[in-house]
Amino acid sequence: MLMARKIKRFFSVELIIFLCLILTLALSVIFFVLNIEHYDYIIETNAFFAPFEYYSNREIKGVDVDIVNRVAEKMDKTIQLKNVEFDVIIDNVSDGIIADAGAAGLTITEPRLQKVDFSIPYYTSVQYVIFSQTNLPNIHNNYLVWEDLAGKTLGSQTGCTGYLFMSDEVDSGVLEGTDTKIKGFDSHQIAADAISAHLIDYAIADELAAKFIVEKNPNLAALPLYYSGTDGMPDEPAEESYAIAVNKNRPELLSAINEVLTEMLEPGEDGKSEIDKLILKHMGLTDE
Ligand code: ARG
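Worth saying up front: this structure is predicted, and the values here are computed from it rather than measured.

**Notes on the sheet that holds strand E4 (residues 59-61)**
Moving on, step 1. The three strands lie next to each other as E2-E3-E4, forming an open sheet whose pairing is antiparallel. Looking at the sheet topology across the chains shown, the edges are occupied by strand E2 (48-49) and E4.
Moving on, step 2. With two bridges joining them, E2 and strand E3 (residues 53-56) adopt antiparallel strand pairing. Pairing of Phe-48 across the sheet is with Tyr-54, part of E3.

Okay, structure coming up:
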């Protein structure tokens, strides 16, 4: 009787230890397979926008990546930079559930400011038109105006400012009623490829993205896109400021980003800031 109870107790303790081991093993396997790691912050990007973010040897590189790494260092926190589709970034950052911030050469705009906080600006850009050397648009003074695009099929990355400005001009601006068609693509690069494939006439993209693409494709060229001046005013491009989008409830992250950007924007002895140098490096224009 006593013997039987001892055996029973022995087995139940053994069994519990055994079950615990199995459970630990199973959880480790699940974590390993799903690659679940803990990060203090998740920052989303869309890594098809060189020089700000691009894939190189399966790794995301670029100016925004360097900024994010500096923020992680400064805060002594772990940050995961995640590649997602461009047009979900602002809403994900706004929800704050799957992303804390977005670093993607994001332009500050009024509608985006309703949803997220933006850091201080770190770069100023304008829109460019990419076209084929064999299908030249009407070029004057080294730029184009929106009216030059009338009646053509235009493409841009869905959800980006180039796409939004293009839609505005077609829906209610100077291209309204001109039979100009618009198409959205997953990246500026794919939009540019669509020119060579004769799917669109011109692509609209941010300045450095356009220059980077054209540099790699001798059949394409790019020029700035201006708004025609009215009442004797000169034609002018619309300037955009890039900043990092941060969830409205992460003030500590926002201030660390601002501190890092302030440091990186400080001009050095040669007059160039760290951001300037990183842009040259990621454009492939210096060896550093
Ligand atoms: N500056 C533009 C915007 O904010 C385009 C940014 C595209 N960025 C990217 N990582 N694909 O809409």
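Text resumes after the structure shown.
**Examining the pairing of strand E6 (residues 101-107)**
Moving on, step 1. Counting buried residues in E6 gives seven out of seven residues, a clear majority hidden from the surface.
Moving on, step 2. Note: strand E1 (residues 41-45) against E6, two bridges, orientation parallel. When the sheet's bridge partners are listed, Ile-43 is paired in E6 with Ala-101.
Moving on, step 3. Taken together, the four bridges between E6 and strand E15 (residues 240-246) define a ladder with antiparallel strand orientation. Residue pairing in the sheet places Ala-101 in a bridge with Val-246 of E15.

**Comments concerning the domain arrangement of the protein chain**
Moving on, step 1. When the domains of the protein chain are assigned, the result is domain 1 (41-124 + 242-282) and domain 2 (127-226).
Moving on, step 2. Look at where the C-alpha atoms of domain 1 and domain 2 centre, and you get two points 26 Å apart.
Moving on, step 3. Each side of the interface is counted separately: domain 1 has ten residues, and domain 2 has 13 residues.
Moving on, step 4. At the level of elements, E2 and E6 are the ones that each hand at least two residues to the side of domain 1 that touches domain 2.

**Considering the site of the ligand**
Moving on, step 1. Surrounding the ligand, one finds 13 residues, the nearest of these being Asn-46, Phe-49, Ala-104, Thr-107 and Cys-160.
Moving on, step 2. Take the shell around the ligand: its biggest share by element is four residues, from E6.
Moving on, step 3. Classifying every residue of the shell around the ligand gives six nonpolar, five polar and two charged.

**A short note on unusual backbone geometry**
Moving on, step 1. That bond from Ala-50 to Pro-51 is cis: its omega, 10 degrees, falls within 30 degrees of zero.
Moving on, step 2. Positionally, Pro-51 belongs in the loop between E2 and E3.
Moving on, step 3. Even without being a glycine, Arg-58 presents a positive backbone phi close to 65 degrees.
Moving on, step 4. Among the structural elements, Arg-58 can be located in the loop between E3 and E4.
Moving on, step 5. Owing to 5 C-beta atoms within 10 Å, Arg-58 belongs among the exposed residues under this scheme.
Moving on, step 6. Backbone geometry at His-198 places phi at a positive 60 degrees, although glycine is not the residue there.
Moving on, step 7. Mapped onto the fold, His-198 is located in the loop between helix H6 (188-196) and strand E13 (202-206).

**Digging into the sheet that holds strand E12 (residues 181-185)**
Moving on, step 1. Read from one edge of the open sheet, six strands run E10-E14-E9-E13-E11-E12, paired in mixed fashion. Two strands in the sheet have a free side with no partner beyond their single neighbour: strand E10 (144-145) and E12.
Moving on, step 2. Looking at chain direction, strand E11 (residues 153-157) and E12 are connected through five bridges and run parallel. Across the sheet, Gly-155 pairs through a bridge with Lys-183, a residue of E12.
Moving on, step 3. Strands strand E9 (127-132), E11, E12, E13 and strand E14 (220-226) of the sheet are contacted by H6, whose axis makes an angle of about 160 degrees with E13.

**Quick look at the packing of helix H2 (residues 63-75) against helix H8 (residues 251-265)**
Moving on, step 1. Two elements in contact, H2 and H8, have axes whose closest approach is 9 Å; the angle formed by their N-to-C orientations is 120 degrees. Taken together, the axes of H2 and H8 lie oblique to each other. Our pair here, H2 against H8, has a crossing hand that is right-handed. Contacts between H2 and H8 involve Ile-67, Arg-70, Val-71, Lys-74 and Met-75 on the former and, on the latter, Ala-256, Ile-257, Glu-259, Val-260, Leu-261 and Met-264.
Moving on, step 2. Across the contact of H2 with H8, the residue classes break down as eight nonpolar, no polar and three charged.

**Brief notes about the environment of Tyr-128**
Moving on, step 1. Turning to its location among the elements, Tyr-128 is positioned in strand E9.
Moving on, step 2. Tyr-128 sits in the buried class, given 28 other C-beta atoms within 10 Å.
Moving on, step 3. Between the alpha carbons of Tyr-128 and Gln-157 there is a distance of 13 Å; along the sequence they are 29 residues apart.
Moving on, step 4. If we skip the residues at most four places from it in the chain, Tyr-128 touches Ala-205, Glu-207, Ala-210, Ala-222, Leu-223, Pro-224 and Leu-225.

**A look at the environment of Asp-193**
Moving on, step 1. Mapped onto the elements of the fold, Asp-193 is located in helix H6.
Moving on, step 2. As for Asp-193 and Thr-124, which are separated by 69 residues in sequence, their C-alpha atoms are 25 Å apart.

**As for the pairing of E1**
Within a regular strand, side chains alternate between the sheet's two faces.
Moving on, step 1. Of all five residues making up E1, four are buried, and the element is well covered by its neighbours.
Moving on, step 2. Pairing between E1 and strand E5 (residues 79-83): five bridges, direction parallel. Looking at the pairing, Thr-45 lines up with Asn-83 of E5.

Reading guide: rules and limits
- Residues numbered from 1 in each chain as written.
- Predicted model: local features only at pLDDT ≥ 70, side-chain atom pairs only at ≥ 80, totals over all residues.
- Pairing = 2+ DSSP bridges.
- Helix = DSSP H or I, 4+ residues; strand = E, 2+ residues; numbered from the N terminus.
- Buried ≥ 20, exposed ≤ 12 C-beta atoms within 10 Å, placed from the backbone.
- Domains from an automatic or database assignment.
- Contact = placed C-beta atoms within 7 Å.
- Near = placed C-beta within 6 Å.
- Nonpolar A, V, L, I, M, F, W, Y, C, P; charged D, E, K, R; others polar.
- Axes fitted to C-alpha atoms, helices over the stretch in contact; angles between N-to-C directions.
- Parallel < 35°, antiparallel > 145°, perpendicular 65-115°, else oblique.
- Left-handed = near helix turned anticlockwise from the far one by under 90°.

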